[in-house]
Amino acid sequence: VQLVESGGGLVQPGGSLRLSCAASGFTFSSYDMSWYRQAPGKERELVATISSVGGRTNYADSVKGRFTISRDNAKNTVFLQMNSLKPEDTAVYYCKVLRSFRNYWGQGTQVTVSS
């Protein structure tokens, strides 16, 4: 299993970023996918989850209405569209899959929201 995130960077408050997570080594379309984030000095927290065929999504209250999770099963990729970014969204963002009772994580991508 390999998960590779990309798309992070420095953005001003109110701006947008789109994160991608390219997956390989498993049948991507059979698994729910999640985005997590971890800010300095804080625990890793769940941001959003999408079901295997994309019909169900769930979001942390802190990002509802601003972030959108989606997936392209033909390209084995999950996305996180982040709008109206705030300084408190600054964190390393990770994608994750639970497979065979084990969590697999990507290496993360840094998102910094600052003026």
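Relevant structure appears above.
Quick summary incoming for the structure in this document. What you see is a predicted model, and the numbers here were worked out from it, not measured in a lab. (Residues numbered from 1 in each chain as written. Predicted model: local features only at pLDDT ≥ 70, side-chain atom pairs only at ≥ 80, totals over all residues. Heavy atoms only, no water.)

**Overview of the packing of aromatic side chains**
Next up, step 1: Under the definition given, this model contains four aromatic pairs.
Next up, step 2: Ring plane angle 55 degrees and centroid distance 6.3 Å describe the contact between Phe26 and Phe28, whose orientation is recorded as tilted.
Next up, step 3: Owing to a relative accessible area of 9%, Phe26 belongs among the buried residues under this scheme.
Next up, step 4: Of the residues examined, Phe28 reaches a relative accessible area of 2% and is grouped as buried.
Next up, step 5: The interplanar angle of 85 degrees and the centroid separation of 6.3 Å between the aromatic rings of Tyr94 and Trp105 together place this pair among those described as edge-to-face. Separated by 11 residues along the polypeptide, Tyr94 in strand 9 (residues 91-99) and Trp105 in strand 10 (residues 102-105) bring together distant segments of the chain.
Next up, step 6: Judged by its relative accessible area of 13%, Tyr94 falls in the buried class.
Next up, step 7: Trp105 gets classed as partly exposed once you look at its relative accessible area, which sits at 34%.
Next up, step 8: An aromatic cluster is present here, built from Phe26, Phe28 and Tyr31 joined pairwise through their rings.
Next up, step 9: Over the face of the ring belonging to Tyr94 we find Arg44, whose NZ or CZ atom lies 3.8 Å from the ring centre.
Next up, step 10: Sitting above the plane of the Trp105 ring, Arg44 keeps its charged end 4.5 Å from the centroid. (Phe/Tyr/Trp six-rings, centres within 6.5 Å; stacked < 30°, edge-to-face > 60°. Buried < 20%, exposed > 50% of the residue type's maximum accessible area, 1.4 Å probe, protein only. Helix = DSSP H or I, 4+ residues; strand = E, 2+ residues; numbered from the N terminus. Lys NZ or Arg CZ within 6 Å of the ring centre and 35° of its normal.)

**Overview of the state of the cysteines**
A disulfide bridge is the covalent bond that connects two cysteines by way of their sulfur atoms.
Next up, step 1: Under the defined criterion, the tally for this structure stands at one disulfide.
Next up, step 2: Covalent S-S linkage joins Cys21 and Cys95, the inter-sulfur distance amounting to 1.9 Å. Its torsion about the S-S bond being 50 degrees, the disulfide of Cys21 and Cys95 is classed as right-handed. With Cys21 in strand 3 (residues 17-24) and Cys95 in strand 9, this pair connects stretches of sequence that are 74 residues apart. (Disulfide = S-S within 2.5 Å.)

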